Amino acid sequence: MASTTSVNSTPTSAPKAASAPLPKPIIFATSGLGGMIGWVIVHPFNTIAVRMNLASMQGKHFSVANAIKDNGVMSLYDGLAAGVWRQVFYASSRFGLFETCRDKLHEIRGKTDFAGRVIVGAGTGAAAALISCPMEVATVRMSNDATLPASERRNYSGVLDVVKRVIKEEGVSTLWRGSIPFAQRAALVGVFQVATLDQFKGMYAHYLNQKKNSIPNVFCSAMTSGLIYSIATMPLEASKNRMASQKADKVTGKLPYTSTLQTMRSVAGKDGALALYDGFLPYYLRCGGHTVAMFIAVQLMRDFYTQNMN
């Protein structure tokens, strides 16, 4: 009986004709490259989301049209290098570790069930966030710097400049400022993607007569999954942005935001709970768009490797 096996599937006692498991270096490399390709596409949405969210922190209104008018359309790509470097660490470790740990769990337990996928997705997502947090801090700061008053701008010249100046001026631990909400968000993304993406693929294949894992099927499923986890994780994203970009009070030397819960309470108390969702639309377009572009890029690269390099 013929059998079709995805390169991402959990190892099973497949027939001879099935594809051999991908080498671990290929899994990590394609995950990182897919993340980088996807990020180049959605980076402007991330810049807009960060700027809208941080503008509300300053009691200002952010306008995309005004931002383009004042700084040019290419300003939406501010911080792109840091965002791409973030994917080198985040996407490669998140998806590479997920598949590695998922397969190891399968070897130990003899099965890979929904609960196992959720636990692995949450754990590897949080681990990847901690690994890549310095690049996340650099992305947030570089993306938002142009919108600050001239006297408050940090005027970073590049990713290495961010890292060097942060270590020199604020201490190395600042590179992990906002790491807790970032890790919490990444864990939730892992859970919601694992819990919903495959479910929506099957649902759209059944109700819309789509071929499972086709580009239309991946697109529809990823955008729906992205909507759900965007709603769930936006408050954590807002907290992470504020904590990563904050400056100490000039008089007291204290930071306004000290923890995820304190940040959310402070924002909700001062500006209302919906302030945590400022920038939601571009954030959703970033999440759904990056999921679509990344998974399609990863699948194409792995298919190419399987067909031509094996």
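Computed from a predicted model, the values in this text were never measured in an experiment.

A. Up close: helix α2 (residues 64-71). In this structure S63 caps α2, since a side-chain oxygen of it lies 3.4 Å from the backbone nitrogen of A65. Phi for G72, located one or two positions after α2, is positive at around 90 degrees.

B. Summary view of the side chain of R302. You can see R302 is positioned in helix α9 (residues 280-308). R302 sits in the buried class, given a relative accessible area of 0%. Within polar-contact distance, the side chain of R302 engages the backbone oxygen of I27 at 3.2 Å.

C. Looking closely at the packing of helix α1 (residues 24-57) against helix α4 (residues 114-144). Interaxial distance between α1 and α4 falls to 9 Å at its minimum, and their mutual angle equals 75 degrees. With respect to their mutual orientation, α1 and α4 come out roughly perpendicular. In this structure, α1 contributes H43, N46, T47, V50, R51 and L54 to the contact, and α4 contributes T139, V140, S143 and N144. Residues that form the contact of α1 with α4 fall into these classes: three nonpolar, six polar and one charged.

D. Representation of the packing of aromatic side chains within the structure. With the rule as written, the count across this model stands at six aromatic pairs. Through pairs of rings, three or more aromatic residues link up here, namely Y277, F280 and Y284. A cation over an aromatic ring shows up here: R86 above the ring of Y90, its NZ or CZ 4.6 Å from the ring centre. Across the ring face of F182, the terminal group of K240 is positioned such that the distance to the ring centre comes to 5.9 Å.

E. Quick look at the side chain of S143. Mapped onto the fold, S143 is located in helix α4. At a separation of 2.7 Å, a polar atom in the side chain of S143 contacts the main-chain carbonyl oxygen of T139. What S143 contacts, discounting residues up to four positions off in sequence, is H43, N46, T47, R51, D78 and G79.

F. Fine view of the packing of α4 against helix α7 (residues 215-245). Between α4 and α7, whose axes approach to 9 Å, the crossing angle comes to 80 degrees. By the criterion of interaxial angle, the relationship of α4 to α7 is roughly perpendicular. Across the interface between the two elements, E136, V137, V140 and R141 of α4 pack against K240, N241, A244 and S245 of α7. Tallied by class, the residues present in the contact of α4 with α7 amount to three nonpolar, two polar and three charged.

G. Structural view of the nonpolar core. V50, L54, Y90, A128, A129, C133, V137, V140, F182, A183, A186 and A244 together form the largest nonpolar core, which totals twelve residues. Elements represented by at least two residues in this core include exactly α1, α4 and α6 (179-207). By residue number, the principal contributor to this core is α4, which donates five residues. Contact partners of A129, with chain neighbours within four places excluded, come to Y90, F182, A183 and A186. Counting ten residues, the second largest nonpolar core, distinct from the first, contains A138, M142, Y156 and L175.

H. A nonpolar patch on the surface, seen in detail. Together, V64, I68, V73 and M74 make up an exposed nonpolar region whose accessible area comes to about 330 Å². Take I68: it is sitting in helix α2. Overall, I68 belongs to the partly exposed group, its relative accessible area being 32%.

I. Seen up close, the pattern of salt bridges. Evaluated as defined, the whole model comprises 15 salt bridges. Here E136 and K240 are joined by a salt bridge, their closest N and O atoms 2.2 Å apart. Taken as a pair, E136 in helix α4 and K240 in helix α7 lie far apart in primary sequence, 104 residues in all. The closest approach of N and O atoms between R286 and E237, which form a salt bridge, is 3.0 Å. Placement of the pair is R286 in helix α9 and E237 in helix α7, with a sequence separation of 49 residues. The exposure class of E237 is buried, given its relative accessible area of 3%. Because the salt bridges share partners, they merge into one network encompassing R86, E136, R185, E237, K240 and R286.

About the thresholds
- Residues numbered from 1 in each chain as written.
- Predicted model: local features only at pLDDT ≥ 70, side-chain atom pairs only at ≥ 80, totals over all residues.
- Heavy atoms only, no water.
- Polar contact = N/O pair within 3.5 Å; in protein donor to acceptor, adjacent residues only side chain to side chain.
- Helix = DSSP H or I, 4+ residues; strand = E, 2+ residues; numbered from the N terminus.
- Buried < 20%, exposed > 50% of the residue type's maximum accessible area, 1.4 Å probe, protein only.
- Axes fitted to C-alpha atoms, helices over the stretch in contact; angles between N-to-C directions.
- Parallel < 35°, antiparallel > 145°, perpendicular 65-115°, else oblique.
- Contact = heavy atoms within 4.5 Å.
- Nonpolar A, V, L, I, M, F, W, Y, C, P; charged D, E, K, R; others polar.
- Phe/Tyr/Trp six-rings, centres within 6.5 Å; stacked < 30°, edge-to-face > 60°.
- Lys NZ or Arg CZ within 6 Å of the ring centre and 35° of its normal.
- Core = buried A, V, L, I, M, F, W, Y, C linked by side-chain atoms within 4.5 Å.
- Patch = residues over 30% accessible without salt bridge, like charges linked within 9 Å, V, L, I, M, F, W, Y side chains within 5 Å.
- Areas by Shrake-Rupley, 256 points an atom, 1.4 Å probe, with all protein chains shown as cover.
- Salt bridge = Lys/Arg side-chain N within 4 Å of Asp/Glu carboxyl O.

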